[in-house]
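These are the residues of each chain, in order.
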There are 2 protein chains.
Amino acid sequence: MEKAKSIKEIAQLAGVSTATVSRVINQNGRFSKETEERVRRIIRQQGYMPNMSAKGLRTSRTQVIGIIVPDITNPHFAELVLNLEMNLFQHGYSCLICNTNESEELEKKHIRSLTAQNVRGIVLISGLRNYIELSGTPVVYLDRPSHSRKERTSGVMIESDNETGGYLATKELIRAGCRQIAILKCLKNDDNQQARYKGFQRALVEEDLRENELLCMDTAAVSVKDARVAVAQLVAGTAHFDGIMSTTDTMAVGAVIGLRENGLEVPGDVLVTGFDDCQLAAACGPGLTSVHQDVPGMSRLATELLLQMIEGKQPEKTYYRLPVSLTVRRSTQREK
Amino acid sequence: MEKAKSIKEIAQLAGVSTATVSRVINQNGRFSKETEERVRRIIRQQGYMPNMSAKGLRTSRTQVIGIIVPDITNPHFAELVLNLEMNLFQHGYSCLICNTNESEELEKKHIRSLTAQNVRGIVLISGLRNYIELSGTPVVYLDRPSHSRKERTSGVMIESDNETGGYLATKELIRAGCRQIAILKCLKNDDNQQARYKGFQRALVEEDLRENELLCMDTAAVSVKDARVAVAQLVAGTAHFDGIMSTTDTMAVGAVIGLRENGLEVPGDVLVTGFDDCQLAAACGPGLTSVHQDVPGMSRLATELLLQMIEGKQPEKTYYRLPVSLTVRRSTQREK
DNA sequence: GTGAAAGCGCTAACAA
DNA sequence: TTGTTAGCGCTTTCAC
């Protein structure tokens, strides 16, 4: 591979100084129309691309955004990342992707690595820690509130209205005739699920239904398998139930499978709701009623706010809560 | 945020020159045991991290790998990316992620952007073009063969044995009693599906079954929706069928839904197989028999080869084909 | 075993 | 409107 061209060669070919070429590239004014055209032509001819390392060194800022995500194979996170990456690339930014696998230590290492690389901003889809050392770098906390949100000193937060989502799902189960509703959740590392649970409780209270502790299941992890296990326990237990409100689609799918393994059908015997409305929800067994989050909207907002902060403007609001809706499918259609 | 410390400050605090600090950091020898310890201690105390832009400029090489992927929301690609990112981070590399959305133009832009950023290597999960301009940068072509593979001049290729996968799936359908097997595929942009189709044909020939053109469906895209439409056409058509071999899980799920929409059940009326064995396959309706790819193995191999190439060693082989297996679930268990 | 110094490609302050 | 120049933080050659 021949050595990449430098701004110096472009300057020579165009018969100007490197400063002028730099000005043209960065549109910093102080050049004539003719000079601009000539420089641009040479750049195009030579297929010149500025060396980002040099630029980064000189300006201490890069065209790179770090995205920290618990696990990219989670369909909901994958969708967020896809949207973010496409939006940001349109604005000239590349994305460094970091999976934390829910490990605080790994998350810490990634943060250090990102700052060493002079990333221009960070999107933190995670809820493990609060990063004071990030002050200075624009950061958007997305989707998952930090555990220590109140201590957050900088950056903005965007999340879905999880509480209302939990409420909507539960109301739908009640509407469909459920009176003994079990809840499937995994509160570990995820305040969102706590909020969804609160919405669940609010709906019950509103309908004069009592929450039954025996129907309140906490799983070890968010997985199909753990949900199946939990549902098997429910079925084996003494408390009767006619509906399951699950705080994620993955666990809802596990619930459907678990029920079937125990001779119960959805929606024949039990109704089920999920959360996230990902591909899984539409594809699974009976078609899963699920709370829909506006992922493109969240991503767009995150991109906008991050770009604003990069340009030095502090967004007027520091907290954004986006509305959710309910996508109704067969899993909550009681059969006649 | 206080300004990041530089190697100069570390050198001062340790009472040595910057050259020595650099040598210690990069383990380039030429320093005493005592010096090393002192320098290390200061570095730890100060939480010093070398400036990657400066390092990149000086050496024209970074600790960044570019990953180009058609669409991160595809569960199979998401799994590959997760594994790659985790492996590479362990070796000190960060990953720039680039979604092409199957657009050749976007792919081109990403390639240019990656080279401008001096990425150390590239993993190309795509099959759109052949990149001669990449010669010089180590590149692993992963999962999707390039259309113009024969012209590939450098880099290594890793893919699953897709042909055998198609063969295994088809044999399983035949074993379960199918005699008129439809195939659901989308050859656009993806030579893998072509290979799976070839395996399908080989299995038919081996069993003395004739391929029926009326049962050979090509969809516009790899999506649940397009698969549903295709299956609706199949059902409405004149040719009878008792099995569907689908070249991806996503389309297989679409097939199951499409069949149900037309009053046919899996596995009661029609048997179905998928490909990729992603979460969807285990979760969907009846449980989908699917061809399993060794994603962690592929990712590990890709990482190893890329690191080798980065270190200047050309791997002995330039093409790797990994074995696949069949995960059998209910969708191919004919009911009595 | 260690240090001095050049220079990677770029930007920005200053000069003209 | 344009050019000259210093220097960002680091590695590496050369000298000791």
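Whatever comes next refers back to the structure up there.
Residues numbered from 1 in each chain as written. Chains lettered and ligands numbered in written order. Predicted model: local features only at pLDDT ≥ 70, side-chain atom pairs only at ≥ 80, totals over all residues. Heavy atoms only, no water.

*Asks:* Please give an account of the interface of chain A and chain B that cites residues and values.
*Replies:* Between chain A and chain B, the residue contacts involve 53 residues of the former and 52 residues of the latter. The interface formed by chain A and chain B includes zero salt bridges. Along the contact surface separating chain A from chain B lie 16 residue pairs in polar contact (both at pLDDT 80 or more). Every element with two or more residues in the side of chain A that touches chain B is listed here: helix H4 (52-59), helix H5 (75-90), strand E2 (94-99), helix H6 (104-116), helix H10 (249-261) and helix H11 (279-283) of chain A. Across the side of chain A that touches chain B, the residue classes tally to 26 nonpolar, 19 polar and eight charged. In terms of strand pairing, E2(A) meets strand E2 (residues 94-99) of chain B through three bridges, oriented antiparallel. Its bridge partner being in E2(B), Cys95(A) is matched across the sheet by Ile97(B). (Contact = heavy atoms within 4.5 Å. Salt bridge = Lys/Arg side-chain N within 4 Å of Asp/Glu carboxyl O. Polar contact = N/O pair within 3.5 Å; in protein donor to acceptor, adjacent residues only side chain to side chain. Helix = DSSP H or I, 4+ residues; strand = E, 2+ residues; numbered from the N terminus. Nonpolar A, V, L, I, M, F, W, Y, C, P; charged D, E, K, R; others polar. Pairing = 2+ DSSP bridges.)

*Asks:* How would you summarise the side chain of Asn162(A) if you had to cite specific residues and measurements?
*Replies:* Its location among the elements puts Asn162(A) in helix H7 (residues 162-175). A polar side-chain atom of Asn162(A) sits 2.7 Å from a polar atom in the side chain of Arg196(A).

*Asks:* Hey, could you go over the protein's contact with DNA strand C for me, with residue numbers and the actual values?
*Replies:* Taken together, the neighbourhood of DNA strand C is formed by 28 residues, with Ile7(A), Tyr48(A), Arg58(A), Arg23(B) and Thr35(B) sitting nearest. The separation between a phosphate oxygen of DNA strand C and a polar side-chain atom of Ser22(A) is 2.8 Å. Within the side chain of Thr20(B), an N or O atom sits 2.8 Å from a phosphate oxygen of DNA strand C. Secondary structure elements with two or more residues in the surface near DNA strand C: helix H2 (18-26) and H4 of chain A together with helix H2 (18-26) and helix H4 (52-59) of chain B. Ranked by the residues each element gives to the surface near DNA strand C, the list is headed by H2(A), at five residues. Taken together, the residues that form the surface near DNA strand C break down as nine nonpolar, twelve polar and seven charged. (Near = heavy atom within 4 Å.)

*Asks:* So what's going on with the pairing of strand E10 (residues 289-292) of chain A? Residues and values would help.
*Replies:* Residues and elements named next belong to chain A. Bridging between strand E9 (residues 271-276) and E10 involves four bridges; their strand directions are parallel. Bridge pairing links Phe275 to Val291 in E10. Here three bridges tie E10 to strand E12 (residues 325-327), and the two strands are oriented antiparallel to one another. Across the sheet, residue Val291 finds its bridge partner in E12, namely Leu326.

*Asks:* Explain the sheet that holds strand E8 (residues 243-246) of chain B residue by residue, including any values.
*Replies:* Residues and elements named next belong to chain B. What the six strands build is an open sheet, ordered E7-E6-E8-E9-E10-E12; its pairing is mixed. In this open sheet, the two edge strands, each paired with only one partner strand, are strand E7 (216-218) and strand E12 (325-327). Between one strand and the next, the sheet's axes are offset by a mean angle of 20°, whatever the strand orientation. Bridging between strand E6 (residues 181-185) and E7 involves three bridges; their strand directions are parallel. If you follow Lys185 over to E7, its bridge partner there is Asp218. Strands E6, E7, E8 and strand E9 (271-276) of the sheet are contacted by helix H8 (residues 191-206), whose axis makes an angle of about 170° with E6. Packed on one face of the sheet, helix H9 (residues 224-236) meets E6, E7 and E8 and runs near 150° to E6. (Axes fitted to C-alpha atoms, helices over the stretch in contact; angles between N-to-C directions.)

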